[in-house]
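# Topology and contacts: notes
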Amino acid sequence: MSQIRQTRRDFLRGLAAAACCGGVPALFPQLRMIGTALAGTRALTGYKALVCVYLSGGNDSWNMLVPYDAARHAVYATSRGGVYNASGNPGGLALPLPTGSQIPLQTIVDAATTGDVSQYFMHRSLERLAAIYRANKLAFAVNVGPLVRPITMADYATSSNRPPQLFSHSDQENLWHQANTTAGSVRGWGGRSGDIVRSSNANQDLSPCISIAGANRFEIGFNTVPYQMSSSGLTALSGMCNPTPCSGVSATSVRDNALNAMLEASYESDLAGEYAKVFGRGRDLYNLLKAGLDATTLATTFPSGNTLAAQLQTVAKLIKLSRQQNYAARQIYYVRYGGFDLHAGLMSGGNSDHAALLANVDAALGAFWDALGPGDINSRNEVTVFSASEFARTLQSNGSGSDHGWGGVQFAFGGAVNGGRLYSDGGGPISGFPNQSLTAPNNFSRGQMIPGISVDQYAATLAQWLGVTAPADLAAIFPNLAQFGSSNLGFV
Amino acid sequence: MNKLLRALSGCVCACVLGAGTLQAAVHDRIFRYGFDPASDAPANANEAARFLTQATFGPTQADIARLMALGYDAWIEEQLGKPATLSQPTVEQVVNARTAGGQNVGSMQRLQRWYWQAAYAPDQLRQRMAFALSQIFVISDQGSSISQYVVPMAGYQDMLARDAFKPYRTLLGDVTLHPMMGRYLSSFRNQKAGASTSPDENYAREVMQLFSVGLIKRNMDFTPVLGGGVPIPTYDQTTITQTAKVFTGFTWNDAPTSPSPNFYGGGQTFAAQSAPMACWGTELFPATGTGSNNMRHDISAKSVLAGLTIPAGQTCAQDVGDELDIIAAHPNVAPFISRQLIQRFVTSNPSPAYIERVATVFDTSYGDLGDVIKAILLDNEARQAPVLTAGDSYGKLREPVLRLTAMWRAFDAQPPAPDAYGEVKMTAGSSLIGALAQGPLQSPSVFNFYVPDYQPPGALADAGRYAPELEIVSESTTYSTGNTWYNFTARAYLGMSNPPVDRPLVNLAALTANATAPAAMVATINQRLLYGSMSPMLQATLTGMLINLNGASAAEKAWSALYLTMLSPDYATQR
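### Structural notes on the overall build of chain B
Scanning chain B for helices and strands turns up 28 helices and 8 strands. Here the C-alpha atoms of chain B give a radius of gyration of 25 Å, agreeing with the 25 Å that 2.2 N^0.38 yields for 575 residues. Per-residue burial over chain B gives 57% buried out of 575 residues. Long-range pairs, those at least 24 residues apart, make up 68% of the contacts in chain B between residues at least 6 apart in sequence.

Okay, here's the thing in structure tokens:
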């Protein structure tokens, strides 16, 4: 199949889509392709990538970051049913204060506050991330969640102040991907940011949004759909030309030509047409990336038997290749790691409990940090990694685990991150690390926290770093951002 | 009369007669009561094949003939009366033999049997319905809580097959009490509130969000009921917390209750791991005083769905029964379940009127799932595809698993002989889930492989259309599914040298017979895989390919045409 023809066709479709979906901003992404200097007004230089690490199922993030001072830890421990103990308190969900050699590995200080309330410790599984925090390259955003507007418990009683379908996995995940609680959409803030920044990418065949974890709403924009790749890289298509087409006449090339003919045909059925389009894109991108990806090696060894690490290893290779080949000035990656819906076995589930999951996250992200380091890709300042998860969980135990909550803790790290501190003030009525008493004013009775920072604010901060800076663009992607006190939390 | 027949066959099934006797009895009944077997017969073999593409794991030549002879109604009635082909007994035998032989045991044993049943079980509609139900009432071996429970997971599949045509309320009860569901959504060993704990909300939430009513109130045609212009939630967080109390006290069926009660005991046999969970409520132990420490069920009053209250002081069985009765009686259930079943069998975008017609049958039959599937398949919107024009979104993307099974059945694939442990291998040494992004009881989460409301970006989303199965179609999975089709065609046909013994071998004879007549070979594929719907473009492409493959063997021509068809957008969809 002719890559150029494919590209032209997509380009024309993109223009048509832009024309119907409105507005000059939607048109800009493709302008570079018709050689106009207009695109220069948005030209982004250098290279930057966002990497979304989605922890699916609802990460119990109040056990990722825990108060270390005795007074607050006692409140936390009481709400969580006491410190877990397999024989003495199997229903308890609290982590013990670190002791002995664990103290320097786990404890951290919040540079934004002083005294007892600046003392925290991180889950014992997160030693690598704790070290990055202490190097001031990892920041926490505290009590983040979907919000329509800043609210308190009293405001919650008015239902129009509530995001739709709180506590539902699928709905809350969608709200995280959209960063917009007031209008259902198939599009996400990553894809819409991609719409804005992609005009600066030299290679328009390669989407600015790349998923190593399948379909996701986060990376869908008006002119951007994620390129979905497997963590095992690119595999040839049996019995066909790889890359396609191949020269000479052979049974293989005859089959290959037939396949390309059916993928390039037009279909009256949109279902068939969409399938053909995705398959055809797969063939184009195999052609574009296969040889380069095979030749791209990393000095860093990623841990085996860790699906998140496998995904991030592929991301690292793609970042290295994209920079070497100058494919892109801006990229947005999506990886995903599941199993966090720990209603049962949160503390005691062997190789699938919270500690085990976080250990895998830590090992995967630690290896990724190494790969970005000076001994390998050397792109730490150009890459920002951030976490997302549909909700945190109830502080209160159900006897074996925790249930669905609302606001929680997220982290971002990278060379550009202003780390070593917590970001907990979104300019609204709720701020600071929350009071974790079950009877505190901004919690529901089982310890589901009303967020102080909206997903919009968290996402907009990251999008601005990437290069989505025009107020009109931000307002288009994050229409509710103006409801909140701050449109940039400043952590990156 | 149909109901009577079904009830009769259920009774016979539960008694001692063998399957052969049962089928004969049903046939006798059907004909004695004077069906005109051909009065509603498909107009031609292509129409029959199209129906069977919707209703089974793929049309065979024999099924097409049977359907043509009986007509739609009698064919469905015959299928509704067929007893369930079961997985658990076979899987258990193989697992035991492998264990005795020092071989590892895992999901592969369940999967081999499942694919065998999909390809060969005579109760095709029942098995297909069980597969559809397994995508609503999801449990999965991708979750660590049950991944090692291979045999009882096969039992869960069997339970879905047994209940496939029973009342919805029966199915909901069996799902709720199955220990694999209990473990998957953690109602297993869930307990009443303690000093610092509340009951686990997992099952309470998902049974309402996913298995019955959904998040917002629906009309019978599935459109949202609006209040002040916005959808109305069916329940809130308080309902969840209250309903969680209902699902407390469950443990293994054989956890010892006397003389030394052990809530954490039992579950050491396959039988116990498959039997409905016991509930340690007041039916077993006193609410107060001596022995009350073993009463694990929450007996306080519960404010549940639809503003109803379950009174305090009931047994666990009463509480669970009341709760499931309340859920099953909710007006959302009929449109919510009907729409998803229509999506699995016929079309991703049913008209509101179609949903309402099926939902009405659901309601008037008290949720009889046999009546519901019949209504889905015989509806005019299922039987008559609209004329294909640009922007069409009728029909559905074929599920990857169904693309494989339909090819097997269309081309008479022959299974290998059982191995030394009695296992018939079907999957070419792979679990297939990685390549297909779909597999029986292998969803990544309780939200299935795809959600009913998935809208792929582009034309479909712009038109407000849904295409659940496209959620697992990607640049990556088009390749991995394609390579799977290659392994099951080019590397799996009768007569090849050194044939593999870990997968069925396709019979290419109907194609190789026309090795020098490309158009005739394409016509056979068109009839068998695409019920005559192959586009002129694809016919021309395949014919041209076969002409250009003039140096290839007859077998290579045949598998090339088969492989390319399986890769085609035509075959990826069904209308």
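### Examining helix 4 (residues 61-70) of chain B
Residue and element names in this part refer to chain B. Along helix 4, the residues classified as buried are Asp63, Ile64, Leu67 and Leu70. Here the buried residues of helix 4 occupy an arc of 140° about the axis, which is enough to place them on one side. Away from its buried face, by an angle of more than 90 degrees, helix 4 presents the exposed residues Ala62 and Ala65. Looking at the packing, one finds that the buried side of helix 4 touches helix 3 (45-55) and helix 5 (72-81).

### Details of the interface of chain B and chain A
At the junction of the two partners, chain B supplies 68 residues and chain A supplies 58 residues. At the level of elements, helix 12 (202-209), strand 7 (396-397), helix 22 (459-462), helix 23 (475-489), helix 26 (536-548), helix 27 (554-567) and helix 28 (569-572) of chain B are the ones that each hand at least two residues to the side of chain B that touches chain A. If one sorts the elements of the side of chain B that touches chain A by residue count, helix 23 of chain B sits on top with 8 residues. Considering only residue class, the side of chain B that touches chain A consists of 30 nonpolar, 28 polar and 10 charged.

### Digging into helix 12 of chain B
Residues and elements named next belong to chain B. The buried fraction of helix 12 is high, at 8 of 8 residues. What helix 12 keeps buried is the set Asn202, Tyr203, Ala204, Arg205, Glu206, Val207, Met208 and Gln209. Contacts made by the buried residues of helix 12 are with helix 10 (168-177), helix 13 (237-244) and helix 15 (316-329).

### As for the packing of helix 25 (residues 518-530) of chain B against helix 27 of chain B
Residue and element names in this part refer to chain B. Where helix 25 meets helix 27, the axes come as close as 11 Å, and the angle between the chain directions of the two elements is 40°. Relative to helix 27, helix 25 is oriented oblique. With respect to the hand of their crossing, helix 25 and helix 27 are arranged in right-handed fashion. Contacts between helix 25 and helix 27 involve Met521, Val522, Ile525 and Leu529 from the former and Ala558, Ala561, Leu562 and Thr565 from the latter.

### So, the pairing of strand 1 (residues 48-55) of chain A
Residue and element names in this part refer to chain A. The buried count for strand 1 comes to 8 of 8 residues, which makes it a mostly enclosed element. Residues Lys48, Leu50, Cys52 and Tyr54 point to one face of strand 1 and Ala49, Val51, Val53 and Leu55 to the other, with burial holding for every one of them. With 8 bridges joining them, strand 1 and strand 8 (residues 330-337) adopt parallel strand pairing. Following the sheet pairing, Leu50 is matched in strand 8 by Ile332. Sheet topology note: the strand 1/strand 9 (residues 383-388) ladder contains 6 bridges and is parallel. In the strand pairing of strand 9, Cys52 is matched with Phe386.

### Description of the confidence of the model for chain B
Residue and element names in this part refer to chain B. Here chain B shows a mean pLDDT of 94. Residues at 70 or above account for 93%. In this model residues 7-35 is a low-confidence stretch, pLDDT under 50, and it forms 22 contacts with partners more than four residues away in sequence or in other chains. Quick note on the complex model: pTM equals 0.91, ipTM equals 0.93.

### Quick notes on the sheet that holds strand 4 (residues 119-122) of chain A
Residues and elements named next belong to chain A. With respect to topology, 3 strands assemble into an open sheet ordered 2-4-3, the strand pairing being antiparallel. Two strands lie at the open edges of the sheet, namely strand 2 (65-67) and strand 3 (107-109), each paired on one side alone. In this sheet, neighbouring strand axes are inclined to one another by 40° on average, regardless of whether the strands run parallel or antiparallel. Here strand 2 pairs with strand 4 via 3 bridges, running antiparallel. From the neighbouring strand, Pro67 faces strand 4, where its bridge partner is Tyr120.

### Some remarks on the nonpolar core
Core analysis: the biggest nonpolar cluster contains 182 residues, and Tyr275 of chain A together with Val358, Val372, Ile376, Met407 and Ala561 of chain B have the highest contact counts within it. In this structure, this core is formed jointly by two domains, domain 1 (202-329) and domain 2 (333-383) of chain B, each of which donates at least three residues. Among the nonpolar cores identified, the runner-up in size contains 126 residues, and Ala94, Phe302, Ile332 and Leu365 of chain A belong to it.

### Let's talk about the domain arrangement of chain B
Residue and element names in this part refer to chain B. Each assigned domain of chain B is listed with its residue range as follows: domain 1 (202-329) and domain 2 (333-383). A separation of 28 Å is found between the C-alpha centroids of domain 1 and domain 2. Residue-level contacts link 10 residues of domain 1 with 12 residues of domain 2. Partitioned by chemical class, the residues of the side of domain 1 that touches domain 2 number 4 nonpolar, 4 polar and 2 charged.

### Focus: the packing of helix 17 (residues 352-364) of chain B against helix 18 (residues 369-378) of chain B
All names here are of chain B. It is at 9 Å that the axes of helix 17 and helix 18 come closest, and there the two elements cross at 160°. Taken together, the axis directions place helix 17 and helix 18 in an arrangement best described as roughly antiparallel. Note that helix 17 runs across helix 18; the crossing there is right-handed. Counted together, Arg357, Val358, Val361 and Phe362 of helix 17 and Asp371, Val372, Ala375 and Ile376 of helix 18 form the full contact between these two elements. A breakdown of the residues in the contact of helix 17 with helix 18 according to their chemical character gives 6 nonpolar, no polar and 2 charged.

### Digging into the pairing of strand 8 of chain A
All names here are of chain A. Buried residues dominate strand 8, accounting for 8 of its 8 residues. The two faces of strand 8 match: Arg330, Ile332, Tyr334 and Arg336 on one face and Gln331, Tyr333, Val335 and Tyr337 on the other face are all buried. Two strands pair when backbone bridges link them, and strand 6 (residues 209-211) and strand 8 are joined in this way by 3 bridges, in the parallel orientation. Along strand 8, the bridge assignment pairs Cys209 with Ile332.

### Structural notes on unusual backbone geometry
Trans peptide bonds make up the majority, and among non-glycine residues the majority have a negative phi. Cis rather than trans, the peptide bond between Thr244 of chain A and Pro245 of chain A has omega equal to -5°. By the element assignment, Pro245 of chain A lies in the loop between strand 7 (227-228) and helix 9 (251-264). At the junction of Ser258 of chain B and Pro259 of chain B, the peptide bond is cis and its omega measures out at -5° in the coordinates. Positive phi, normally seen in glycine, also occurs at Asn143 of chain A, with a value near 65°. Among the secondary structure elements, Asn143 of chain A is positioned in strand 5 (residues 138-145). Overall, the presence of 29 C-beta atoms within 10 Å leaves Asn143 of chain A in the buried class. The residue Gln165 of chain A is not glycine, and still its phi comes out positive at about 50°. With respect to the secondary-structure elements, Gln165 of chain A resides in the loop between helix 6 (153-156) and helix 7 (169-178).

Rules used in this analysis
- Residues numbered from 1 in each chain as written.
- Chains lettered and ligands numbered in written order.
- Predicted model: local features only at pLDDT ≥ 70, side-chain atom pairs only at ≥ 80, totals over all residues.
- Helix = DSSP H or I, 4+ residues; strand = E, 2+ residues; numbered from the N terminus.
- Rg over C-alpha atoms; globule rule 2.2 N^0.38 Å.
- Buried ≥ 20, exposed ≤ 12 C-beta atoms within 10 Å, placed from the backbone.
- Contact = placed C-beta atoms within 7 Å.
- Arc of directions from axis to C-beta.
- Nonpolar A, V, L, I, M, F, W, Y, C, P; charged D, E, K, R; others polar.
- Axes fitted to C-alpha atoms, helices over the stretch in contact; angles between N-to-C directions.
- Parallel < 35°, antiparallel > 145°, perpendicular 65-115°, else oblique.
- Left-handed = near helix turned anticlockwise from the far one by under 90°.
- Pairing = 2+ DSSP bridges.
- pLDDT = per-residue confidence, 0-100.
- Core = buried A, V, L, I, M, F, W, Y, C linked by C-beta atoms within 7 Å.
- Domains from an automatic or database assignment.

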